[in-house]
Every structure is written in structure tokens, then in C-alpha cells.
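# Inside the fold
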Amino acid sequence: MSAQLLTYLFVGASFTLYIGIAIWSRSSSTKEFYVAGGHVSPIANGAATAADWMSAASFLSMAGIIAFEGADGARYLMGWTGGYVLLALLLAPYLRKFSKFTVPDFVGDRYYSQTARLVAVVCVIFISFTYVAGQMRGVGIVFSRFLEVDINTGVIIGMGIVFFYAVLGGMKGITYTQVAQYCVLIFAYLVPAIYISIALTGNPLPMFGLGSTMVDGSGVYLLDKLDGLTTELGMAAFTSGNKSTIDMLFITAALMAGTAGLPHVIVRFFTVPKVRDARISAGYALVFIALLYTTAPAVAAFARMNIINNVDGMTYEDAPSWFSKWEDSGLIAWRDKNDDGVVQYRGGNALQPSKPAFTGERGSSGERLLGNSSSAGENELYIDRDIIVLAHPEIAQLPNWVIALVAAGGLAAALSTAAGLLLVISSAVSHDLLKKTFKPEITERQELLFARIAAAVAIGIAGLFGIYPPGFVAEVVAFAFGLAAASFFPVLLLGIFYKRMNKEAAITGMLTGLVFTFAYIAYFKFVSPADNNPDHWWFGISPEGIGTLGMLANFLVSLTVCRFTPPPPAEIQALVENIRVPS
Amino acid sequence: MSEKNNHAYWQANLRLMLVLLVIWFSVSFLAGIIFVDFLNQFRLYGYKLGFWFSQQGAIYFFVLLIFVYSWRMNALDKKFGVDEE
């Protein structure tokens, strides 16, 4: 069967499964809608958290980034896993004991202040929408590449599926669908990786294959061979990094604290029955995540090697079909600088500006001609990072069903994250804004109805972002982590570990972290992008890592303000005592 | 439960947490970033050691840390009589 037909089959089967689960797990109360009734087993919650957490970015983009950046990619690997240690040790058990529905709930109650609750609601909605826009776009891209439907049609189909199980099932429906989606996505990620690992190193476990010798009988370790190949072609050695130590430190810390402060992840720990379940559930979640995250660097290294081996020195006219297919979708471009009809893959950008602008005409070898000017180096090839995971199975000539599987996996990753984010948005609106702030008189039934309406509206808005993507989607995703690190993480942490922490300190701290981080990122991304380089960054910290500095500023301001303002009331101090103990 | 008992439980929790967070910091920020070049002169099979910590090892340690925390805390819960059973 053709890859196309198989893709339809796999995607169709997985969607049927998700809808079936949604019908089976409808929500009938607000508690079920917000936190799945609090009955989810720790292992199921771990799998759901993993699917919730691993987005289109983890599944589709991360290995691509590592493939081209080598050692620097470690900031994502450590940053997006290390945050779970913070979550399990510092936040999850205590928030579970507190036992409410949302993150603004905790902020509002712990800091006895509607202002604090509202600031938290604004943060939640802003963080979640920036994040969800990227997911919907991811859904559209997978549809358009693999099923050859229009991106917009893809987004609408994706919206329909999410609408069905998020609006109907709430957290309960989402949780069990996410468990299924985790299984689909991890299978889809591991199968091609295992195939390729065996082909290159003979080791069936990709995470160990990465440290093994090549199967070609040379006895050379794969990473050494790759370092050799990359330096030979004038690229940076794969296992060496480019980024400054301070920037790596700050970015990794921002991703870790941001992970621990992301509302859609925290809220998952409200769904388990007990405090001890919250602790172990974070452990299961990280095991499930680690399966993908330890495989990703192996996929990255294998892909880099396969690309170099297959592409460099290839005559364009003999290029395999994947090459021209991805060239047609604009993610690969080739300029024959020396007119020899052979692809030279070297270090540095091939084109200026680096993104290809096709003229619509064909060159002498049949390649798509480019309007860009050539850069100085010998490199003739542009490869978009995002194609690594999608194209690698084709590059490595894996069977069609594996290629089809990857499409279903990418969709599972994007849909599961989108649903989790949409639920957080809807509960912030129906629970924190309506029930707890503006319309406390509504009944539970009405609140549930509002929650469904809010979820439906949020899906609509997210879909619009997917169809009409703001040109800065990629830029604003950096916001989500930086802002979560600079706003929520310190407020939650101090709320649990510092009994004296009061509302004045929390509000000023959150606002400081938020405004500072927002201003720094906005300045370098939008106001003055030309200055976005280490010469102009404070202490050499890039906008990606500035959330850490915002977080430190938040801590400093909070602790200072706290000294000069009255302590919280006795019942709040008692609340803090209470959440510190499981029973 | 008495206030004194809860206080002792909390102190024990903080001590455990501190030890685990020191390890968390060491395997990621120290071994994976600050000392990565130094560690790269040593090898673990086909990996340079610093590279291994930053792209593989730190993650294994993270998983281990959470399970150890969970296991030790369950024991502390029982010892201080604050478990949920």
C-alpha cells in the first residue's frame, strides 16, 4: 500500500479511537470537567501528563534543532525534563493537598486577594494562547504534508476533533484521550528510531545506539565519526557547543522553572486521588517523557549523519524522491553555485537571507531557482530543521507504514497538548472569572455550561490563530516559558515554603517578573530585532533565557516588599501549615 | 497531629529535598553546562562524558531523583504518622 493510503488509515483509526474514548468518558459535574473527578490513577496521569507536555515542538522540532545545533540542543533536553524534579519536589504534592481546580484558585486563596487571582488569570490565558497557536499550526502542517489537504482544512479537522472530546468530556475526556495519544506518539517516535539505530549501529535501543560503534565494521564510534564528518565539511563539530556558558545556564533554568510553572502541567496533578499519588505520578510522567527525550538526541545524530552521507556529493538529477518532494514544499533548497550539477553540503548558510525565496523557474538540473543572493561559503544546500523527524524515515528508506505512523504521532502530540491548554483556558474563564469573581451566584450546572462554552470559544480562537498565524508564533513561544518562570514559579514556591509571604509581595513580585521579562523579549524581538545579539544582551543573556533573570527579580522584589508589609492573616498561615502535611 | 510533630516532619522533608536538589543541580548545571568541556576529556563508551551528562545522563538522574523522593517521603509520612491511610 502507498504511504498516502496508509497515512489516511492510521490517522483515521487513531481519530476514531479518540472519539470513542470521548464518548465513553463524558463529564457530568464541574469536578469531572475541571479535574476528572480526582480519580485518575498515578500511571494514567503520568501518561496523560507526558502527552499533554510533549507538544508538536517536542515531537516534530526538537530532534531537528539538536541535529543542526549539536551540543547546544542540550538546553531543551535538560530544561524540559529537569523541571519535573522541581514540580515533584516543590509544587505538585502541596498543590494536590490544597485540592482546588485551577492555578489561579491557589494564587487567589493563598494570597487572600481577588487582584492576585486576576493577575494569575491574565497570565494563564496569555501563556496558554501563545502556546496553543503553535499546536494548531502543527496540526495543519502535518495534514498538508502527508494527506495533501489544504493547511486550513487540516486545522478545521483538528479543531473538530478537539472540540468533540474537550467540550464533551472536559478533563475526564482529555485525560483518557491523552493516555491513548501518548501510546500513539511514543510508538510513532520509537519505531523509526529503532529501525535507524539498528541500521547504523546494530543496537536496537537508540539511546544506547548513540554511544555505540558504527555497524560498517570500522569500529569507530558513531559520535566520533559524526564529529569527523562535520568538521571535514567545515561545520562545527557535532558534540561541541556554540552558545556561551552563561546563556546556556539561563536558558536551561528558564525552561526548567517555566515547565514547573506552566498551568496546564500543574493542573494535571489535581486529578490524582492522593498527595502520595501526585509525587509518584510526576515520576511516571518523567519516565514516559524520558523515553522520547533520550531518543531525540539519537534521532538527531542519526539524521545528521544520514543527510550528510546521502546528500553531499549527490548529483541533483539522481536525487531520491524525498529530496524533490521537500524541495517542492519549500523546506529544502539548492543553488548550484559552481554549476557542476552536484550538491555540495558544507558549513555556513548557503543563501542570503538564509530562508529560500523561490522564483518559480527551474534551473539547468531541474532544481527550483532562488531569488536570494548567494552567501560567501561553498555550501549549496538549505535544509529546514523542522523536516528532520518527518523526512528522516524517508531518507533512511524505511517501509511505508513507518512513514504513515509518524504522521499519526505528530497529530497525537499536537492535539493532546492543544486540548490540555484549551481546558486550562476554559476553566480560568468559567471558574476563576465567572464563579469566583464576577458571578458567584451561578449554580454548578450553569458553571459547567459556561465551562463548555468557554472551551468552544477558545477552540475557535485557537483555530483562527492556526489559519491566520501571526507572523511571530515562533517568537512568542519563548514568552510562554519565560513568563511562566518569571511570574508563577516564585509565587507558587514562596506560597508554600515561606509562611510570611503576603499578598502585597506576591502581586508586586508577579508584576515585576512579568513586566521585566515581557519588556526584554519584546524589545529584542519586535522593537529592535537588529540588536538581538550577544553584544547588546544584558550579561550576555538571550531573550530565551531572560525568564531566569525575571524570576530572580521576582524573588528579590517579593522578599523585600514582604519585609515592609503586614504578615498574612492567621487563617492563611494555618492553610500553609495544612498543605505541608499530607493527612 | 501535634504542631511539634508536623514541624519535625517538615524539617525532615526539607533536608531530603535539599540533598536531592543538590544532586539535581550537579548533574545538569554543573556536569552538563559549567564543567562540560572539562568532562569531555573523559569518555563513557562512545560518548564524551560532558556530552553524555547533558544529552542523556542528566535525564536518567532526574527520573531517579523523583522516585527516590517519592519512596523516602512515603516512609517519612508513615514515620510521623501523617500518611493518608
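These numbers were taken from a predicted model, which means no experiment stands behind them.

The secondary structure content of chain B amounts to three helices and two strands. Counting helices and strands in the order they occur from the N terminus, chain B gives α-α-β-β-α. Projected onto its principal axes, the C-alpha positions of chain B cover 55 × 20 × 15 Å. Looking at chain B residue by residue over its 85 residues, the buried ones come to 54%. Once local pairs closer than 6 in sequence are excluded, the contacts in chain B between residues at least 24 apart make up 60%. Total accessible area on chain B is roughly 4,400 Å²; 68% of this is exposed by carbon and sulfur atoms.

The next point concerns the domain arrangement of chain A. Residues and elements named next belong to chain A. Partitioning chain A into structural domains gives domain 1 (3–27 + 34–306 + 396–579) and domain 2 (332–383). Distance between the C-alpha centres of domain 1 and domain 2: 36 Å. Between domain 1 and domain 2, the residue contacts involve five residues of the former and four residues of the latter. Summed over both partners, the interface of domain 1 with domain 2 comes to about 420 Å²; 66% of that surface belongs to carbon and sulfur atoms. Contact with domain 2 buries area across many residues of domain 1, yet Phe68, Leu233 and Met235 alone supply 86% of it, more than any other trio. For the pair domain 1 and domain 2, the number of links is one residue pair in polar contact (both at pLDDT 80 or more). Residue composition of the side of domain 1 that touches domain 2, grouped by class: three nonpolar, one polar and one charged.

Bringing the pattern of salt bridges into the picture now. Any two side chains of opposite charge can pair if their charged atoms end up close together. Residues and elements named next belong to chain A. Using the criterion set out here, one finds 19 salt bridges over all chains in the structure. One salt bridge connects aspartate 105 with arginine 117, and the closest N-O pair in it is separated by 3.0 Å. Residue aspartate 105 is located in helix H6 (residues 103–110), and its partner arginine 117 is located in helix H7 (residues 114–146); the two are separated by 12 residues in the primary sequence. As far as the burial class goes, aspartate 105 and arginine 117 line up, both buried. Across the salt bridge formed by lysine 325 and glutamate 394, the nearest N and O atoms sit 3.4 Å from each other. Here glutamate 394 lies in helix H15 (residues 387–395) and lysine 325 lies in helix H14 (residues 321–328), a separation of 69 residues in the sequence.

The next point concerns the packing of helix H5 (residues 74–98) of chain A against helix H1 (residues 3–34) of chain B. Closest axis-to-axis distance for the H5 of chain A/H1 of chain B pair is 11 Å, and the angle between their directions is 175 degrees. Between H5 of chain A and H1 of chain B, the crossing angle belongs to the class labelled roughly antiparallel. Of H1 of chain B, the residues touching H5 of chain A (which contributes Met78, Gly82, Val85, Leu86, Leu89, Leu90 and Tyr94 of chain A) are Trp10, Asn13, Met17, Leu20, Leu21, Trp24, Ser28, Gly32 and Ile33 of chain B. Of the residues in the contact of H5 of chain A with H1 of chain B, the class split is 12 nonpolar, four polar and no charged.

Turning next to helix H16 (residues 400–438) of chain A. All names here are of chain A. Over its 39 residues, H16 extends 55 Å from the first C-alpha to the last, a length consistent with the 57 Å expected when each residue adds 1.5 Å. Its maximal kink placed at alanine 428, H16 deviates by approximately 25 degrees. Of all 39 residues in H16, 32 are buried; the element is thus mostly enclosed.

Residues and elements named next belong to chain A. Core analysis: the biggest nonpolar cluster contains 233 residues, and Trp53, Phe59 and Tyr293 have the highest contact counts within it. Two domains each put at least three residues into this core: domain 1 (3–27 + 34–306 + 396–579) and domain 2 (332–383). For phenylalanine 59, the residues in contact, after removing those within four places along its chain, are Leu185, Ala188, Tyr189, Leu292, Val389, Val406, Gly409, Gly410 and Ala413. Grouped together as the second largest cluster of nonpolar side chains are five residues, Ala350, Leu351, Leu370 and Tyr382 included.

As for its position among the elements, glutamate 32 of chain A is in helix H2 (residues 30–35). Discounting residues that sit within four places of it in the chain, glutamate 32 of chain A has contacts with Arg26, Ser27, Gly37, Met171 and Lys172 of chain A.

Turning to the interface of chain B and chain A, a few remarks are in order. Counting from both sides, the interface comprises 42 residues of chain B and, opposite them, 52 residues of chain A. Roughly 4,200 Å² is buried in total at the junction of chain B and chain A, and carbon and sulfur atoms are behind 69% of that figure. Ranking the residues of chain B by area buried against chain A places Trp10, Ile66 and Glu84 of chain B at the top, with a combined share of 16%. In this structure, the connection of chain B to chain A is made through three salt bridges. In this structure, the salt-bridge partner of aspartate 224 of chain A is arginine 43 of chain B, at a minimum N-O distance of 3.1 Å. The tally of links between chain B and chain A comes to 13 residue pairs in polar contact (both at pLDDT 80 or more). Per-element tally for the side of chain B that touches chain A: the top contributor is helix H3 (residues 49–79) of chain B, with 18 residues.

Here is what the cut-offs are and how they apply
- Residues numbered from 1 in each chain as written.
- Chains lettered and ligands numbered in written order.
- Predicted model: local features only at pLDDT ≥ 70, side-chain atom pairs only at ≥ 80, totals over all residues.
- Heavy atoms only, no water.
- Helix = DSSP H or I, 4+ residues; strand = E, 2+ residues; numbered from the N terminus.
- Buried < 20%, exposed > 50% of the residue type's maximum accessible area, 1.4 Å probe, protein only.
- Contact = heavy atoms within 4.5 Å.
- Areas by Shrake-Rupley, 256 points an atom, 1.4 Å probe, with all protein chains shown as cover.
- Domains from an automatic or database assignment.
- Buried area = accessible area lost by both parts, 1.4 Å probe.
- Polar contact = N/O pair within 3.5 Å; in protein donor to acceptor, adjacent residues only side chain to side chain.
- Nonpolar A, V, L, I, M, F, W, Y, C, P; charged D, E, K, R; others polar.
- Salt bridge = Lys/Arg side-chain N within 4 Å of Asp/Glu carboxyl O.
- Axes fitted to C-alpha atoms, helices over the stretch in contact; angles between N-to-C directions.
- Parallel < 35°, antiparallel > 145°, perpendicular 65-115°, else oblique.
- Expected span 1.5 Å × (residues − 1).
- Bend = angle between axes of the 7 residues up to and from the residue.
- Core = buried A, V, L, I, M, F, W, Y, C linked by side-chain atoms within 4.5 Å.

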